[in-house]
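# Residue-level structural notes
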Amino acid sequence: MAALASELHPQAPAAQPGLQTPAAAGAALRTFFRIAQAWGLSNEEQQRLLGCGRTTFYDWKAGRIKSGLDAATLERLSHVFGIYAGLQILLPIPERADAWIKKANSAPLFGGASALARMLGGQVSDLFVVRQYLDAQRGGWA
C-alpha cells in the first residue's frame, strides 16, 4: 500500500505561504497604502475602505502587523486592488486614472457623486459595485 501511495504522490508539494501570515498581510497593506497615496486619500478614508478600527489602522500604517488579515479585510483589499488595476487599464495615464475616483460621475450607479463617495459607503458591497462597474466598462465580467 505504501508503494502505491508513493507512486501516486511521489513527493508532497511544498507548503505554500498562506495569505493569513503577517508577512502576506504586510505586503497587501503596503500595496493598499501606496494606492491610497496615489489617490490622495485621507487617513479617515483609508480606514473606512479597510473597515477597521482606528488603533488597528494606525498599527497597520506603522507596519505593526501581528497576524494575518481576516476574510473581510482581504475581500476589501481585493476590490480596491481590482479597482486600481481596472483604472490603469481604462485610463493609461496614471494621473487621470488616480483622479477618476474623486470626480463626479453621471453613471446611474453613482448618481452624480464620485466613485470614492460610493466606495466610502462602508460596506464591502460598495467596493464590489465600483469594481464591477469598471470591469464592465473594460469589457470584462459584469
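The notes below deal with the structure included here. Computed from a predicted model, the values in this text were never measured in an experiment. (Residues numbered from 1 in each chain as written. Predicted model: local features only at pLDDT ≥ 70, side-chain atom pairs only at ≥ 80, totals over all residues. Heavy atoms only, no water.)

## Comments concerning the overall build of the protein chain
Scanning the protein chain for helices and strands turns up 8 helices and 0 strands. In sequence order, the protein chain lays out its α and β elements as α-α-α-α-α-α-α-α. Taken over 142 residues, the protein chain has a buried fraction of 35%. A fraction of 56% describes how many contacts in the protein chain between residues 6 or more apart in sequence connect residues 24 or more apart. For the protein chain, the accessible area works out to roughly 8500 Å², and carbon and sulfur atoms hold 57% of it. (Helix = DSSP H or I, 4+ residues; strand = E, 2+ residues; numbered from the N terminus. Buried < 20%, exposed > 50% of the residue type's maximum accessible area, 1.4 Å probe, protein only. Contact = heavy atoms within 4.5 Å. Areas by Shrake-Rupley, 256 points an atom, 1.4 Å probe, with all protein chains shown as cover.)

## A closer look at the environment of Gly40
As for its position among the elements, Gly40 is in the loop between α2 (22-39) and α3 (43-50). Once the C-alpha coordinates of Gly40 and Asp98 are considered, the two residues, 58 residues apart in sequence, prove to be 8.4 Å apart. If sequence neighbours within four positions are ignored, Gly40 has contacts with Glu45 and Lys102.

## Here's the deal with the packing of aromatic side chains
Enumeration according to the criterion identifies 7 aromatic pairs in this entry. Measuring from centroid to centroid gives 5.4 Å for Phe32 and Phe33, while their planes differ by 70°, and the two rings are edge-to-face. The exposure class of Phe33 is buried, given its relative accessible area of 14%. One aromatic cluster in this structure is built from Phe32, Phe33, Phe57 and Tyr58. (Phe/Tyr/Trp six-rings, centres within 6.5 Å; stacked < 30°, edge-to-face > 60°.)

## Side note on the nonpolar core
Judged by nonpolar contacts, the single largest core of 33 residues is most densely connected at Leu29, Phe32, Trp39, Leu50, Trp60, Leu87 and Trp100. At the level of elements, α2, α3, α4 (54-61), α5 (71-90), α6 (94-100), α7 (115-119) and α8 (124-137) are the ones that each hand at least two residues to this core. Examining the composition of this core, we find that 8 residues originate from one element, α2, more than from any other. Every residue in contact with Leu87, bar those within four places of it in the chain, is listed here: Trp39, Ala97, Trp100, Ile101 and Leu134. (Core = buried A, V, L, I, M, F, W, Y, C linked by side-chain atoms within 4.5 Å.)

## Quick word on the pattern of salt bridges
Once the charged atoms of two side chains with opposite charge are near each other, the side chains can pair. Applying the stated criterion across every chain yields a total of 3 salt bridges. Where Asp59 meets Arg64, a salt bridge forms, and the shortest distance between an N and an O atom there is 3.0 Å. Judged by its relative accessible area of 46%, Arg64 is partly exposed. For the salt bridge of Asp135 with Arg138, the shortest nitrogen-to-oxygen distance reads 3.4 Å. Take Asp135: its relative accessible area is 15%, and that puts it in the buried class. (Salt bridge = Lys/Arg side-chain N within 4 Å of Asp/Glu carboxyl O.)

## Focus on the environment of Trp100
Note that Trp100 resides in helix α6. On the basis of relative accessibility, which here comes to 16%, the residue Trp100 falls in the buried class. Separated by 15 residues in the primary sequence, Trp100 and Ala115 place their C-alpha atoms 7.8 Å from one another. Setting aside chain neighbours within four positions, we find Trp100 in contact with Leu87, Leu91, Asn105, Phe110, Ala115, Tyr133 and Leu134.

## So, the side chain of Arg76
For Arg76, the location among the structural elements is in helix α5. Asp126 is the oppositely charged side chain nearest to the buried, salt-bridge-free Arg76, at an N-O distance of 7.2 Å. A polar contact is formed between the side chain of Arg76 and the backbone oxygen of Leu49, at a distance of 3.1 Å. In this structure the side chain of Arg76 is engaged in a polar contact, spanning 2.9 Å, whose partner is the backbone oxygen of Gly122. When sequence neighbours within four positions are dropped, the list of residues in contact with Arg76 reads Arg48, Leu49, Leu50, Gly51, Gly122, Gln123, Val124 and Leu127. (Lys, Arg positive; Asp, Glu negative; His and termini not counted. Polar contact = N/O pair within 3.5 Å; in protein donor to acceptor, adjacent residues only side chain to side chain.)

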